[in-house]
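Here's the letter readout for the chains.
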Amino acid sequence: FVVGEDVLTQGPAGFHGPLFLDVDPERKRLYVSDFRRAIRRVDLKTDAIDEFLEASEAVVDREGNLLVLSGYGTDELLRLSPEGQPLPFPGTGSHKIEVKYRAGLPHVGVRGLCVAPDGDIYVFQDNNTQPMHLWRFGADGQFKDAALTDIPPDSANGVAVDRAGNVYVGINLQDLDA
């Protein structure tokens, strides 16, 4: 697609409130997650957009596989092949990781996901009224630790890790009701 072109509502596979995106440079694909828990796959060679998965967020790992948050209000981080097929984590034998979070409303579940250059997987736990945590898993799917704890409730939504291992978190410290 072309920068500036209206792709938000093109056909049945158009974007509806895009939230997260990641690129697979080897396969020339872009994955865009939208507000309706739909992940669209964009073929960057042909500009074709297709409805790919029903999930909240997807990122591409070092091998081109997808790590997918199955949705808000769930506790699953999925590992899938580039074509969307279940792919077990080497350390667990399952393609699912349970991501710990506390239940509550209205914004429960997991959100915010990235793969660090060393292959570690970072994912936020969120509960609208309790402090958030940033969980870290190895590329093999094994839980490592809480990389960050006691993040202000419902404040963090973006995470990135640079080559040196520094973790960056987008946190809104402003009271949205003010």
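Placed above this text is the structure.
Note that the coordinates shown come from a computational prediction; the quantities given were computed from them, not determined experimentally.

Q: Got a sec to walk through the pattern of salt bridges? Specific residues and values, please.
A: Enumeration according to the criterion identifies nine salt bridges in this entry. Note that Arg-29 and Glu-83 form a salt bridge whose closest N and O atoms lie 2.8 Å from each other. Note that Arg-29 is positioned in strand β2 (residues 29–34) and Glu-83 in the loop between β7 (76–80) and β8 (96–98), a separation of 54 residues in sequence. Taking the shortest distance from any N to any O, the salt bridge between Asp-120 and Arg-136 comes out at 3.6 Å. With Asp-120 in the loop between β9 (109–115) and β10 (121–127) and Arg-136 in strand β11 (residues 130–137), this pair connects stretches of sequence that are 16 residues apart.

Q: Would you mind going over the sheet that holds strand β1 (residues 18–24) in detail, with residue names and values included?
A: With antiparallel pairing, the four strands of this open sheet are ordered in space as β1-β2-β3-β4. In this open sheet, the two strands that pair with only one neighbour each are β1 and β4 (49–54). Averaged over all pairs of adjacent strands, the angle between strand axes in this sheet comes to 25°, irrespective of strand direction. Both β1 and β2 contribute to a ladder of six bridges, which runs antiparallel. By the bridge assignment, Asp-22 is partnered in β2 with Tyr-31.

Q: Explain the pairing of β4 to me, using residue names and the numbers behind them.
A: Pairing of strand β3 (residues 38–43) with β4, which is carried by five bridges, proceeds in the antiparallel orientation. Bridging across to β4, Arg-40 finds its partner in Glu-51.

Q: So what's going on with unusual backbone geometry? Residues and values would help.
A: Residue Lys-28 is not a glycine yet carries a positive backbone phi of 55°. By secondary structure assignment, the location of Lys-28 is in the loop between β1 and β2. Judged by its relative accessible area of 44%, Lys-28 is partly exposed. A positive phi angle, near 70°, is found at Asp-47, a position not held by glycine. Mapped onto the secondary structure, Asp-47 falls in the loop between β3 and β4.

Cut-offs applied
- Residues numbered from 1 in each chain as written.
- Predicted model: local features only at pLDDT ≥ 70, side-chain atom pairs only at ≥ 80, totals over all residues.
- Heavy atoms only, no water.
- Salt bridge = Lys/Arg side-chain N within 4 Å of Asp/Glu carboxyl O.
- Helix = DSSP H or I, 4+ residues; strand = E, 2+ residues; numbered from the N terminus.
- Pairing = 2+ DSSP bridges.
- Axes fitted to C-alpha atoms, helices over the stretch in contact; angles between N-to-C directions.
- Buried < 20%, exposed > 50% of the residue type's maximum accessible area, 1.4 Å probe, protein only.

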